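Descriptive structure summary
For reference, the chains in residue letters:
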Amino acid sequence: MVLAAGGGRRLGGRPKALLEYGGRPLVEHAVAVLRAAGLARVHVVLGASAQTVRERAELPGCVTVENPEWATGMGSSLRTGLASLAGSGADAALVCLVDQPGIGAAAVARVRAAHRGPGTLAAAAYAGRRGHPVLFGSAHWADVAAGAEGDRGARDYLRTQADALTLVECGDVAEPYDIDTPEDLWRLRGA
């Protein structure tokens, strides 16, 4: 699942999904990363400028869902994405953020490899510090959704489940930076 609903408030209102990276919208890059890691079914949560993202980004085979509450923060997008999986037969959701292009297929594949069933809870780690992507087995979805508020997403839930959480070191294959401010945009130019 790609969380791509943000409006880029600190970027002057430029939706992050449409920022250009490697000659294509950032959301296309995020989907390509998941597919390169072996994930065939990809859900994309849109929000800010959702119609424009649908028009400009090529997302064939993706399930796109719109978060009407995207302005309230990442938590509502996580809830929307998890709800879109209901009845899909999936027993886990691997969640990536659209604004982290330094996290590639190698890191996603490592976290995916930690999947052991519906009770799995795993996250990438960078020098031992938890980051993205995060894998939630379906046994966790209801509790994750219940606590997903504002921009905190699942942070509080993961903290309470620290003993059950498998950290997968990815610092040697990924850079977990975010594209949040105009000062971060230089990171998109080298692709």
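The structure we're discussing is the one just above.
Read on for an overview of the structure. Worth saying up front: this structure is predicted, and the values here are computed from it rather than measured.

Criteria and thresholds
- Residues numbered from 1 in each chain as written.
- Predicted model: local features only at pLDDT ≥ 70, side-chain atom pairs only at ≥ 80, totals over all residues.
- Heavy atoms only, no water.
- Helix = DSSP H or I, 4+ residues; strand = E, 2+ residues; numbered from the N terminus.
- Buried < 20%, exposed > 50% of the residue type's maximum accessible area, 1.4 Å probe, protein only.
- Pairing = 2+ DSSP bridges.
- Axes fitted to C-alpha atoms, helices over the stretch in contact; angles between N-to-C directions.
- Contact = heavy atoms within 4.5 Å.
- Phe/Tyr/Trp six-rings, centres within 6.5 Å; stacked < 30°, edge-to-face > 60°.
- Lys NZ or Arg CZ within 6 Å of the ring centre and 35° of its normal.
- 1 Å grid on protein atoms, 1.4 Å probe; cavity = no way out; pocket = protein on both sides within 12 Å on 5 of 7 lines; lining within 4 Å.
- Points joined across faces, edges and corners; volume = space filled by probe spheres on them.
- Nonpolar A, V, L, I, M, F, W, Y, C, P; charged D, E, K, R; others polar.

**Here's the deal with unusual backbone geometry**
Of all residues except glycine, most have a negative phi; of all peptide bonds, most are trans. The omega torsion of the bond from histidine 132 to proline 133 falls at 5 degrees, within 30 degrees of zero and hence cis. Secondary-structure assignment places proline 133 in strand S8 (residues 129-137). At serine 49, a position not held by glycine, the phi torsion is positive, near 50 degrees. With respect to the helices and strands, the residue serine 49 is situated in the loop between strand S4 (43-46) and helix H2 (50-56). Judged by its relative accessible area of 36%, serine 49 is partly exposed.

**Section: the sheet that holds S8**
With respect to topology, seven strands assemble into an open sheet ordered S5-S4-S1-S6-S8-S7-S9, the strand pairing being mixed. Taken across any chain shown, the strands that pair with only one partner, and hence form the sheet edges, are strand S5 (63-66) and strand S9 (166-169). Within this sheet the neighbouring strands show an average axis-to-axis angle of 30 degrees, counted without direction. Taken together, the two bridges between strand S1 (residues 2-4) and strand S6 (residues 92-97) define a ladder with parallel strand orientation. Counterpart to valine 2 in the pairing with S6 is cysteine 96. Each of S1, S4 and S6 touches helix H1 (residues 26-36); the most contacted strand, S1, lies at about 175 degrees to it. Sitting on the sheet, helix H3 (residues 74-84) touches S1, S4, S5, S6 and S8, and the angle it makes with S4 is about 140 degrees.

**So, the packing of aromatic side chains**
Counted according to the given criterion, the structure contains zero aromatic pairs. Lying across the ring of tyrosine 177, arginine 187 places its NZ or CZ 4.0 Å from the centre.

**Description of the layout of surface pockets**
If you add up the space inside the largest pocket, you get close to 1,000 Å³. Lining the largest pocket are 37 residues, and of these Met74, Leu97, Asp99, Asp151 and Asp178 lie nearest its centre. Counting only elements with at least two residues in the lining of the largest pocket, the list comes to S1, H3, S6, S8 and helix H6 (155-160). Here the lining of the largest pocket gets six residues from one element, more than from any other, and that element is S8. The class makeup of the residues in the lining of the largest pocket is 16 nonpolar, 10 polar and 11 charged. As a volume, the second largest pocket reaches approximately 370 Å³. Around the second largest pocket, the lining comprises 17 residues; the ones closest to its centre are Leu39, Arg41, Ala92, Ala93 and Leu94. If you tally residues by element for the lining of the second largest pocket, the top one is S6, at three residues.

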